Amino acid sequence: MRFTGPLRINPKIVILSLIVLIITICMAIPAYIISNYHHNFVISELQKRAEGIAASIAIQLQHAAPSYKNLLVYDTAKELPPDDYEFYQKMNHSLSLTMAETHADYIYTEQWIDEATIAYILDGTDPAGDDFSSLKERDVMDTIERNAFLNQTTASTGLIDHHVWGTYITGWSPIVDPEDGSTIGLVGVDFSVNEVLNLKKRMDWIIGGSFFILILLLSIGIYFVFILAIRSSMEDFLTKLHTRKYLISRLKDELSLAGKGHKKFCFALIDVDWFKQVNDTIGHESGDRLLLAIANVIRSITRVTDVSARYGGDEFAILFTESTIKDALKVSSEILHSISKVDVIPGIIPSLSIGIVEWEPGMDEHTIIECADKALYDAKNEGKGVIRIYKRTEA
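So, a few notes on the structure that sits alongside this text. (Residues numbered from 1 in each chain as written. Predicted model: local features only at pLDDT ≥ 70, side-chain atom pairs only at ≥ 80, totals over all residues. Heavy atoms only, no water.)

Considerations on the pairing of strand E7 (residues 183–192)
Link 1 in the chain: Within E7, 9 of the 10 residues are buried, which leaves the element mostly enclosed by the surrounding structure.
Link 2 in the chain: Pairing of strand E1 (residues 106–114) with E7 involves 5 bridges; the strand directions are antiparallel. Within E7, the position partnered with Tyr 106 by the bridge is Asp 190. (Buried < 20%, exposed > 50% of the residue type's maximum accessible area, 1.4 Å probe, protein only. Helix = DSSP H or I, 4+ residues; strand = E, 2+ residues; numbered from the N terminus. Pairing = 2+ DSSP bridges.)

What follows is the structure, given as structure tokens:
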């Protein structure tokens, strides 16, 4: 397939695209701020959730403190007496169920060994898995963890990168012995970064979708306001023909093309004969109906490539693009003939006077309008309802 002419893009698509781009750029900053705020909010909520779960389990274990303290005495699960082993198994299973219900990645308890070391006691992960921490398995203790032990307070970390456990958030709660008030252990609850990312991803979709809809609605709204503003400057409110401003703009464009060697064009000014008498005797409403009827006739006869406009008051104008005087005269004659058949106001036959000028080298927009006006003046002086063509010899 071969293109035979330049690629033309619909200006409305360009305008809408620019509006969407500008609004998207403007919305990107608040969207980023909200997304970042939500990221911090997700972390904060997971910290609270981890602390809450840990505190709930700590309370359960405080009610079973004697049995739990028995587990602290032995170095391996194999050494546990049957009753203690049964309690050990039961509590590990309970932690496993809580993990499933809360979507926590790890739930466990730990014992203070020294200021830098803890030993795991209970673990809710699968005993057959690699992540399971057996009874009295040792690990290092961090500052937040140590403070939770010493101060008997719930605590939580931010996102921590661990070479074994990965990236996670941990919430701790102390297990307090009801008899003497001492800290006999900590409950730890871990949420991995995957949970953070999943929550953030879901909210990012919500935020992104909301901003997308907002951008779309704002873009469409602004686009239609923009189009209406443009249309109001291009279209006469009564006749729906083009405005004088738009006509002059197109006339300048046509002059530029003609100056580059393109075909000639013509320009016509049209005046409604005896319009003032119609307004004064019958009323402005009837006058508006007459103007609208004339505009409809002009619109129906002129080509799509021509520019028909309400020039002002009871005057119209037509820019005949790429037309000779013969072409313009033919169309003007059809308009004049059709207008005489318009039956808008009973007893009144509409009449028009038309002045036409054909562009010649050296003419600018002011000259063209002036020449067309002179031809129109001659038409009205010669009895109205006629067409006159401007000739350079008349200047």
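Section: the side chain of Thr 321
Link 1 in the chain: Mapped onto the elements of the fold, Thr 321 is located in the loop between strand E10 (315–320) and helix H9 (325–339).
Link 2 in the chain: Look past the residues within four positions of Thr 321 in its chain and what remains in contact with it is Arg 250, Glu 254, Phe 265, Arg 303, Thr 305 and Asp 306. (Contact = heavy atoms within 4.5 Å.)

Here's the deal with the environment of Arg 303
Link 1 in the chain: Looking at the element boundaries, Arg 303 is found in the loop between helix H8 (284–301) and strand E9 (307–312).
Link 2 in the chain: Of the residues examined, Arg 303 reaches a relative accessible area of 39% and is grouped as partly exposed.
Link 3 in the chain: Sequence spacing of Arg 303 and Thr 321 is 18 residues, and the spatial spacing of their C-alpha atoms is 9.2 Å.
Link 4 in the chain: Apart from the residues within four sequence positions on either side, Arg 303 is in contact with Phe 320, Thr 321, Glu 322 and Ser 323.
Link 5 in the chain: Within polar-contact distance, the side chain of Arg 303 engages the side chain of Asp 306 at 2.6 Å. (Polar contact = N/O pair within 3.5 Å; in protein donor to acceptor, adjacent residues only side chain to side chain.)

Concerning the pattern of salt bridges
Proximity of charged atoms lets side chains of opposite charge pair with each other.
Link 1 in the chain: Throughout the structure, instances matching the rule amount to 11 salt bridges.
Link 2 in the chain: Between Lys 69 and Asp 177 there is a salt bridge; the shortest N-O distance is 2.7 Å. Placement of Lys 69 in helix H2 (residues 65–71) and of Asp 177 in the loop between strand E6 (166–176) and E7 is noted, with a sequence separation of 108 residues between them.
Link 3 in the chain: A relative accessible area of 25% means that Lys 69 is categorised as partly exposed.
Link 4 in the chain: For Lys 374, the salt bridge goes to Glu 370, with nearest N and O atoms at 3.7 Å. Remark: Glu 370 and Lys 374 occur in helix H10 (residues 365–381); sequence separation between them is 4 residues, near one turn of the helix.
Link 5 in the chain: On the basis of relative accessible area, Lys 374 is assigned to the partly exposed category, the value being 36%.
Link 6 in the chain: Counted as one network, the salt bridges with shared partners bring together Lys 69, Asp 177 and Glu 179. (Salt bridge = Lys/Arg side-chain N within 4 Å of Asp/Glu carboxyl O.)

Side note on the sheet that holds E10
Link 1 in the chain: With mixed pairing, the 5 strands of this open sheet are ordered in space as E9-E10-E8-E11-E12. Taken across any chain shown, the strands that pair with only one partner, and hence form the sheet edges, are E9 and strand E12 (387–389). Each adjacent strand pair in this sheet contributes to an overall mean axis angle of 20°, direction not counted.
Link 2 in the chain: Of the strands in this sheet, strand E8 (266–272), E9 and E10 are in contact with helix H6 (residues 244–259), which crosses E9 at around 130°.
Link 3 in the chain: Contacts between H8 and the sheet are confined to E8, E9, E10 and strand E11 (352–358), with E10 contributing the most and set at about 10° to the helix. (Axes fitted to C-alpha atoms, helices over the stretch in contact; angles between N-to-C directions.)

A short note on unusual backbone geometry
Link 1 in the chain: Positive phi, normally seen in glycine, also occurs at Lys 136, with a value near 70°.
Link 2 in the chain: Relative to the helices and strands, Lys 136 resides in the loop between strand E2 (117–123) and strand E3 (138–140).

Quick word on H8
Link 1 in the chain: Helix length check: H8 (18 residues) gives 26 Å between terminal C-alpha atoms against 26 Å at 1.5 Å per residue, within 8%.
Link 2 in the chain: Of the surrounding secondary structure, the elements contacted by the buried residues of H8 are E8, helix H7 (275–281), E9, E10, H9 and E11. (Expected span 1.5 Å × (residues − 1).)

Considering the packing of aromatic side chains
Link 1 in the chain: Throughout the structure, instances matching the rule amount to 4 aromatic pairs.
Link 2 in the chain: Centroid distance Tyr 85 to Tyr 88: 6.3 Å. Interplanar angle 40°. Geometry classified as tilted. Pair noted here: Tyr 85 and Tyr 88 are both in helix H3 (residues 82–102), with a separation of 3 residues, about one helical turn.
Link 3 in the chain: The partly exposed category is assigned to Tyr 85, whose relative accessible area is 35%. (Phe/Tyr/Trp six-rings, centres within 6.5 Å; stacked < 30°, edge-to-face > 60°.)

Considering the packing of H8 against H9
Link 1 in the chain: At their nearest, the axes of H8 and H9 sit 10 Å apart, and the two run at 140° to each other. On the basis of their axis angle, the class for H8 and H9 is oblique. For the element pair H8 and H9, the recorded crossing hand is right-handed. Of the residues in H9, those touching H8 at Ile 294, Val 297, Ile 298 and Ile 301 are Val 331, Glu 334, Ile 335, Ser 338 and Ile 339.
Link 2 in the chain: Tallied by class, residues from the contact of H8 with H9 come to 7 nonpolar, 1 polar and 1 charged. (Parallel < 35°, antiparallel > 145°, perpendicular 65-115°, else oblique. Left-handed = near helix turned anticlockwise from the far one by under 90°. Nonpolar A, V, L, I, M, F, W, Y, C, P; charged D, E, K, R; others polar.)

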